[in-house]
Amino acid sequence: MSHDAPHFSGPHGKLVYMANQIAKFMESKPHDEGVAGLSSHINDFWEPRMRRHLFEVLDAGGTGLRPLVLDAAAKIKRPAEAA
């Protein structure tokens with residue numbers, strides 16, 4: 001196993017990694033632009049199930065998420081609860 005490979009912990013580890021990768025890219029922009037870009041990307045490209053899992057992480061305290069993801073959370077569309 002490569003030492004460069006990301007470590008996914010917990011049931012939503014890969015999703016946290018993905019959100020953090022977007023945040024890492026957006027951190028090169030001014031804060032407000034980064035928040036808008038991150039939330040727009042997640043709203044446009046993540047299916048409702050992925051956003052639902054992201055909100056499970058956020059609602060549990062956001063452990064492991066970069067600060068920009070936490071800042072953008074208010075602009076990310078919360079999907080309806082699964083039936």
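Parameters and conventions
- Within every chain, residues take consecutive numbers counted from 1 along the sequence as written.
- Reporting in this predicted model follows two pLDDT cut-offs: at least 70 for local features of residues, and 80 or more for side-chain atom pairs to be given and counted; totals over whole chains, interfaces and linings ignore these cut-offs and use all residues.
- Remark: hydrogens and water are excluded; side-chain values derive from all non-hydrogen atoms of the structure.
- Any carboxyl oxygen of Asp or Glu within 4 Å of a side-chain nitrogen of Lys or Arg constitutes a salt bridge here.
- Numbering goes from the N terminus for both helices and strands, where a helix is a DSSP run of H or I of at least four residues and a strand is a run of E of at least two.
- Think of it in three bands: with a 1.4 Å probe and only protein chains considered, a residue is buried below 20% of the maximum accessible area for its type, exposed above 50%, and partly exposed in between.
- To estimate how far a helix should extend, the number of its residues minus one is multiplied by 1.5 Å.
- Contacts are assigned to residue pairs with any non-hydrogen atoms lying within 4.5 Å of each other.

A closer look at the pattern of salt bridges
In step 1: One pass over the full model with this rule turns up 3 salt bridges.
In step 2: Taking the shortest distance from any N to any O, the salt bridge between glutamate 27 and arginine 66 comes out at 2.7 Å. In this pair, glutamate 27 is assigned in the loop between α1 (13–26) and α2 (31–45) and arginine 66 in the loop between α3 (48–59) and α4 (67–72), connecting sequence segments 39 residues apart.
In step 3: Look at arginine 66 and you get partly exposed, because its relative accessible area is 30%.

Focus: α1
In step 1: Given a rise of 1.5 Å per residue, 14 residues ought to cover 20 Å, and the 20 Å separating the end C-alpha atoms of α1 matches this to within 8%.
In step 2: Restricting attention to buried positions, one finds in α1 the residues Gly13, Leu15, Val16, Ala19, Asn20, Ile22, Ala23 and Met26.
In step 3: Buried positions along α1 lie against α2, α3 and α4.

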